[in-house]
Amino acid sequence: MKNIPSIQRTTTQPKDLAALRQAFEGWSNTPDPLTRLTRRLSTTLSLETQLGILTEELRGTIPFDALNYRHQVGHRDFVFATGMGGPHRCEYRLNLEGICYGTLTLNRRQKFSDEELQGIEMFISAAVCPLRNACQFIAIEQAALTDSLTSIPNKRALDEHLQRASLLSDRHGEEYSIILCDLDHFKSVNDQHGHVVGDHVLRITAEALGSAIRNSDSVYRFGGEEFAILLPHTGEQEARDVAERVRRAVADLNVDCGGTNLSVTISCGVARHLPEEGASQWIARADEALYRAKDQGRNCTRVFASIG
């Protein structure tokens, strides 16, 4: 057994603590704009909040009329804009270690001087690391809420959105509905054609669902061959109409399996959110409606009828 020497303790010198306190007070209260900027940026991982801080600190030193930031974080476009633009602009790609973390553009009516451009670059140099961290944090969050096969939100994302929809429905009296969808006889697809074809069917099904719904609706992979669609401001009949449109879109899919064509169908269960109903009860009623659709022949839509 290897012997690990014990850590020798040293006595803290009062002068070291005094120097530390003095350094902390200087760091906390310094009027230097770059130190203040990095201190403020270190308090949050919200990209929007960080850009607001950068805007405020930068404007305090170098006047400008508009600031715009664009970046694709994960699979989504992120845009931050403040102020009204002018004819003169300067644009910077925020590169760090060979990776771009967005484009920052400043506009104003008067031309930027060389000294002002140098100052802007100093601010960007101080901000780029915190902005990088915020972008990476968003990407990690997105990955945790995204199904890796279909690239649509997963069940964890659905659970969060159902909770929020339930609260909004109760608080503001807004109508929300959910559709649970299940591919019919999907096990036979994997058994007869293999999991590569099965995965392809799941991907194109997700695409078909996304194309068949409205911009305000959201589609999720609920698990396995099950999908869910959340519909805001939607009652039972409207939700049934969307489910039927989804069902027809999936029935129109055709997969060439090397000499044979494969088609699939989907069953749908619909439930409108009821007052004071939790997310788990709401989705359980949609699941019951889906069970009826599967039990009554598949490739159809059933609604969990509610009163009121």
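A. Spotlight on the pairing of strand β6 (residues 218-223). Sheet topology note: the β6/strand β7 (residues 226-232) ladder contains five bridges and is antiparallel. Looking across to β7, one finds that G223 is bridged to E226. The turn joining β6 and β7, which pair antiparallel and follow one another in sequence, is formed by two residues; a positive phi near 60° is taken by G224.

B. Region of the structure containing the sheet that holds β6. Spatial ordering of the open sheet is given by β6-β7-β5-β10-β11, a layout of five strands whose pairing is mixed. On the outer flanks of this sheet lie β6 and β11 (301-303), each paired with one strand and no other. Ignoring strand direction, the axes of neighbouring strands in this sheet form an average angle of 20°. Pairing of strand β10 (residues 266-272) with β11, which is carried by three bridges, proceeds in the parallel orientation. Looking across to β11, one finds that G269 is bridged to R302. Helix α5 (residues 155-172) rests against β5 (176-183), β6 and β7 of the sheet, and its axis sits at about 125° to β6.

C. Quick look at the pattern of salt bridges. Under the counting rule described, the total for this entry stands at 16 salt bridges. Here D65 makes a salt bridge to R109, at a shortest N to O gap of 3.6 Å. Here the residue D65 occupies a position in the loop between α3 (47-61) and β1 (66-73), and R109 occupies one in the loop between β4 (99-108) and α4 (114-144), the gap between them amounting to 44 residues. The class for D65 is buried, based on a relative accessible area of 18%. The closest approach of N and O atoms between R89 and E91, which form a salt bridge, is 3.5 Å.

D. Inspection of the state of the cysteines at higher detail. Enumeration over the complete set of coordinates arrives at zero disulfides. Just so you know, C135 is unpaired, no disulfide at all, and the nearest cysteine sulfur is the one on C100, 9.0 Å from it. Overall, C135 belongs to the buried group, its relative accessible area being 4%. Cysteine C300 remains unbridged, with the sulfur of C268 as its closest cysteine sulfur at 8.4 Å. We classify C300 as buried; its relative accessible area is 11%.

E. Molecular detail of the nonpolar core. Counting 33 residues, the largest nonpolar core has I179, C181, L183, V201, F227, I229 and V246 as the members making the most contacts within it. Those elements that provide at least two residues to this core are β5, α6 (186-193), α7 (195-212), β7, α8 (236-251) and β10. The contact partners of C181, leaving out residues within four places of it in the chain, are E225, E226, F227, I229, V246, I266, S267 and C268.

F. Quick peek at α8. With 16 residues, α8 extends 22 Å from end C-alpha to end C-alpha; this agrees with the ideal 22 Å at 1.5 Å per step. Listing the buried residues of α8 in full gives A239, V242, A243, E244, V246, R247 and V250. Structurally, α8 contributes buried residues whose contacts are with β5, α7, β7, β10 and β11.

G. Spatial organisation of unusual backbone geometry. For E97, which is not a glycine, the phi torsion comes out positive at approximately 55°. Tracing the backbone through its elements, the reader meets E97 in the loop between β3 (88-96) and β4. Accessibility expressed as a relative area gives 72% for E97, which makes it exposed. Unusually for a residue other than glycine, H185 sits at a positive phi of about 55°. Inspection of the secondary structure assignment puts H185 in the loop between β5 and α6.

Parameters at a glance
Residues numbered from 1 in each chain as written. Predicted model: local features only at pLDDT ≥ 70, side-chain atom pairs only at ≥ 80, totals over all residues. Heavy atoms only, no water. Pairing = 2+ DSSP bridges. Helix = DSSP H or I, 4+ residues; strand = E, 2+ residues; numbered from the N terminus. Axes fitted to C-alpha atoms, helices over the stretch in contact; angles between N-to-C directions. Contact = heavy atoms within 4.5 Å. Salt bridge = Lys/Arg side-chain N within 4 Å of Asp/Glu carboxyl O. Buried < 20%, exposed > 50% of the residue type's maximum accessible area, 1.4 Å probe, protein only. Disulfide = S-S within 2.5 Å. Core = buried A, V, L, I, M, F, W, Y, C linked by side-chain atoms within 4.5 Å. Expected span 1.5 Å × (residues − 1).

Geometric descriptors of this kind do not, in isolation, establish any biological role.
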